Amino acid sequence: MPKWIFVTGGVLSGLGKGLISASVSKLLQQRDLNIVPVKCDGYLNVDPGTMNPHEHGEVYVLEDGTEVDMDFGHYERFLDIEGRGDWNLTSGKIFQSVINKEREGEYLGETVQMIPHVTDEIKKRWEKVAGTEEADIVIVEIGGTVGDMENQFYLEAARQICNEEESFLIHTTLVPYLETTGEQKTKPTQHSVKKLQEAGLDPDMVVGRSKKPLDESAVEKISLFCDVPEKAVVSDPNLESVYQLPLEFDEQNVDEIVAEKLDLPERENNIAEWENRVQNLLGETGAKIAICGKYTEMDDSYASVEEALKHAGAASNTSIQADNIDAAEITAEELEEYDGIVIPGGFGKRGVEAKMEVIKYCRENNVPILGLCYGMQLMVIEQARGLGIDASSEEWGQDGVNVIAELPGQKDIEELGGTMRLGEFEAEVTGEVKDIYGSEKVSERHRHRYEVDPEYIEKLEEGEIRFSGFHGDLPEFVEIKDHKFFVGTQAHPEFKSSLQNPNPLYKAFIEACL
Ligand code: GLN
């Protein structure tokens, strides 16, 4: 029988529940337990692949090709595990399958209802994950805020499990600081716990997100009004790096408190190695990198790229400053301040000409550049134009020579959800890429609909770039040999990088930048 940890949120969203779950799991992992994270999202999209990443945050892609919530990035980066698609529930997935079952006659004669049909579907999925993964602990993060209409049935399913099985509930809230009185205020937390209790759930631990660590009086009040012991009122203060959170929780004995209630085995390992990497991460800035995409404020669309750069830096004992730069806004002088440039993935035509200007600048001035997916496609178009071809991508729907064309197999696809080339594919590599990975075979994750048309390879190789990786006929890597670092990949290697195991391509890029 697995044991359950539920993580709920109160007051407002965006408190970093995913990071909290990942940090608690990181500590519990040191007890040699198999911890499986599950994330439940309230929205009706079947997966986040159809949402705008500039609003909702990055779409994260798993090895099996499922597009999932960006919290899976935290889980994989912290826990060094490979997530699977069925670990992410969305209301879209749940309703779709309940309605399909109703049409198939599975509930014949019954009135199909939120409770028990929707809640049973949720519980069945949680239990299935627990079973297939042989989990010791399933940690279920319930997205949104208690009181939201759209996560009510997840809370109800959690309530039922808490009644039947061994469980621990972590409630995360915001503890604001009121300047005028110089106090940390706990009332929002108290109200959100009341909301939780209305749903029939009692917290075993309250994690208070705040600027500074919770002071004594805030801890006392939360403990008193929310019915948790003082030691189970945990501070989640602002930190320089998210990777410090497991260390912060370790100091507050978070895993010990969970272990007591769930009767877990003793801790086997410490997290010294993690601590070392975190120290490096906080060191002096060794390189300044510009991620040249298109931006809105407070953008999380390239979260994994930023993290992979930091992992690579930490492996070289240095911290990395990664700035999100709008390619269309940056001037030549500003570009010169950077040690390296990343052209990240993207969609649509806006901003592409500016990105190609940046690529040209790097190519001509021997500035390290890493092209990711769209970034590689633009490297190829830029090269083609240098050879006098009026090159473009089929994605732009304009006249010109489409050196980037729709993938074979994409033409007949009409539905847009979950239909790109997704997940892990292997490439046979040569050249510098082979040296970087130290292998002739490289497996990375993908998410794209377009691809370099192999027909143009010969012509393109009259220029500087070389194609140095293929999956069958499909080009996967390009590089320029006599350049500090000029590599493009059709894949997203940032989805396979963790603090303890940085991605080789990012490592090589950062070394070149340093
Ligand atoms: N828009 C491009 C394509 O669909 C690139 C996608 C991406 O960068 N993820 O092929």
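Going along each chain's sequence as written, the residues are numbered from 1 onward. pLDDT decides what is reported in this predicted model: residues at 70 or higher carry local features, side-chain atom pairs at 80 or more are listed and counted, and totals for whole chains, interfaces and linings draw on all residues regardless. Neither water nor hydrogens contribute to the side-chain values; these are computed over all heavy atoms in the structure.

S.K.: Just give me the short version of the packing of helix α7 (residues 187–198) against helix α8 (residues 216–226), but keep the residues and values in it.
M.R.: Interaxial distance between α7 and α8 falls to 10 Å at its minimum, and their mutual angle equals 20 degrees. With respect to α8, the axis of α7 lies roughly parallel. Note that α7 runs across α8; the crossing there is right-handed. Two secondary-structure elements touch here, α7 through Thr 189, Gln 190, Val 193 and Lys 194 and α8 through Ile 222, Phe 225 and Cys 226. Axes here refer to lines fitted to C-alpha atoms; in helices the fit is confined to the stretch in contact. Angles between the N-to-C directions go from 0 to 180 degrees. In DSSP terms, a helix is any run of H or I states spanning at least four residues, a strand is any run of E spanning at least two, and both are numbered starting from the N terminus. Oblique is the label for any angle not under 35 degrees, not over 145, and not in the 65 to 115 range, which are roughly parallel, roughly antiparallel and roughly perpendicular in turn. Crossings are sorted by hand: turned counterclockwise from the far helix by less than a right angle, the near helix makes the crossing left-handed, and turned clockwise it makes it right-handed. Whether two residues touch is decided by their heavy atoms; if any such pair falls within 4.5 Å, the residues are in contact.

S.K.: Before we move on, can you summarise unusual backbone geometry with the specific residues and values?
M.R.: With an omega of 15 degrees, the peptide bond between Ile 115 and Pro 116 qualifies as cis. Along the chain, Pro 116 falls in helix α5 (residues 114–132). In the Ramachandran plot, Val 11 falls in the positive-phi region, its phi being about 75 degrees despite a non-glycine side chain. Note on placement: Val 11 falls in the loop between β1 (3–9) and α1 (17–29). Its identity is not glycine, yet Cys 373 carries a phi of approximately 60 degrees, on the positive side.

S.K.: A description of the site of the ligand should follow, citing residues and the corresponding values.
M.R.: Around the ligand lies a shell formed by Gly 345, Gly 346, Phe 347, Cys 373, Tyr 374, Gln 377, Glu 395, Arg 447, His 448, Arg 449, Tyr 450 and His 492. Interatomic distance of 3.1 Å between a backbone N/O atom of Tyr 374 and an oxygen atom of the ligand. Side-chain atoms alone can form a polar contact between residues adjacent in sequence; in general such a contact is a pair of N or O atoms within 3.5 Å, and within protein one must be able to donate a hydrogen while the other accepts it. Measuring from an oxygen atom of the ligand, one finds a backbone N or O atom of Arg 449 at 2.9 Å. For the shell around the ligand, the elements supplying multiple residues, two or more each, are α15 (374–386) and β19 (441–448). Polar here means any residue outside two lists: the nonpolar Ala, Val, Leu, Ile, Met, Phe, Trp, Tyr, Cys and Pro, and the charged Asp, Glu, Lys and Arg; Gly therefore counts as polar. Within the shell around the ligand, the residues separate by chemical class into four nonpolar, five polar and three charged. Note on terminology: near, applied to a residue and a molecule or strand, indicates that one of the residue's heavy atoms is within 4 Å of it.

S.K.: I'd like a description of the sheet that holds strand β17 (residues 401–406), backed by residues and values.
M.R.: An order of β16-β17-β20 is seen for the three strands of this open sheet, with the pairing classed as mixed. Each edge of the open sheet carries a strand with a single partner, namely β16 (391–393) and β20 (450–452). Sheet twist, expressed as the average angle between the axes of neighbouring strands with direction ignored, equals 35 degrees. In this scheme, strands are said to pair when DSSP sees at least two bridges between them. Direction of pairing for β16 relative to β17: parallel, over a ladder of three bridges. Across the sheet, Ser 393 pairs through a bridge with Ile 404, a residue of β17.

S.K.: I'd like to hear about the nonpolar core, residue by residue, with values.
M.R.: With 82 residues, the main nonpolar core has Ile 5, Trp 126 and Met 205 as its most contacted residues. Leave out the neighbours within four places in its chain, and Trp 126 touches Trp 4, Phe 6, Val 38, Cys 40, Leu 89, Val 140, Tyr 154, Ala 157, Ala 158 and Ile 161. Definition of nonpolar core: a set of buried residues of the types Ala, Val, Leu, Ile, Met, Phe, Trp, Tyr and Cys, connected through side-chain atoms within 4.5 Å. Here the term buried applies to any residue with accessible area under 20% of the maximum for its type, exposed to any over 50%, and partly exposed to those in between, with areas from a 1.4 Å probe on protein chains only. Among the nonpolar cores identified, the runner-up in size contains 39 residues, and Leu 335, Val 352, Ala 384 and Val 452 belong to it.

S.K.: Give me the lowdown on the pattern of salt bridges, citing residues and values where you can.
M.R.: One side-chain nitrogen of Lys or Arg within 4 Å of one carboxyl oxygen of Asp or Glu is enough to make a salt bridge. Tallied over the full model, the rule gives 35 salt bridges. Ionic pairing is found between Lys 39 and Glu 141, a salt bridge with its closest N-O pair at 3.8 Å. Taken together, the residues Lys 39 in strand β2 (residues 35–41) and Glu 141 in strand β6 (residues 137–142) connect sequence positions 102 residues apart. The burial state of Lys 39 is the same as that of Glu 141; both residues are buried. Notably, a salt bridge pairs Arg 103 with Glu 102, separated by 2.7 Å at the nearest N-O pair. You can call Arg 103 exposed: its relative accessible area is 67%. Overlapping salt bridges bring together Arg 31, Asp 250, Asp 255, Glu 256 and Arg 267 as one network.

S.K.: Account for the environment of Thr 318, with residues named and values stated.
M.R.: If you trace the backbone, Thr 318 turns up in the loop between α12 (303–315) and β13 (319–326). Distance in space between the C-alpha atoms of Thr 318 and Trp 126 is 40 Å, their sequence separation being 192 residues. The contacts of Thr 318, once residues within four sequence positions are left out, are Asn 280, Glu 284, Thr 285, Gly 286, Gly 313 and Leu 514. Among the polar contacts made by the side chain of Thr 318, one reaches the main-chain carbonyl oxygen of Glu 284 at a distance of 3.1 Å.

S.K.: Give me the UniProt feature "domain: CTP synthase N-terminal" (unreviewed entry) in the chain: which residues, what numbers.
M.R.: In this numbering, the UniProt entry assigns the feature "domain: CTP synthase N-terminal" (unreviewed entry) to residues 3–264. Across residues 3–264 one finds 42% helix and 19% strand; the C-alpha atoms that close the span lie 9 Å apart. UniProt positions are given in the numbering used here, feature names are shortened, and annotations may be inferred rather than shown by experiment.

S.K.: Would you mind going over the packing of α12 against helix α18 (residues 504–513) in detail, with residue names and values included?
M.R.: To describe two helices that pack against each other, one gives the angle between their axes and the distance between the axes. Interhelical geometry of α12 versus α18 gives an angle of 65 degrees and a closest axis separation of 8 Å. Here α18 runs roughly perpendicular to α12, going by the angle between their axes. Seen along the crossing, α12 lies across α18 with a hand that is right-handed. Here Val 305, Ala 308, Leu 309, Ala 312, Gly 313 and Ala 315 of α12 lie close against α18, whose contacting residues are Tyr 506, Lys 507, Phe 509 and Ile 510. Taken together, the residues that form the contact of α12 with α18 break down as eight nonpolar, one polar and one charged.

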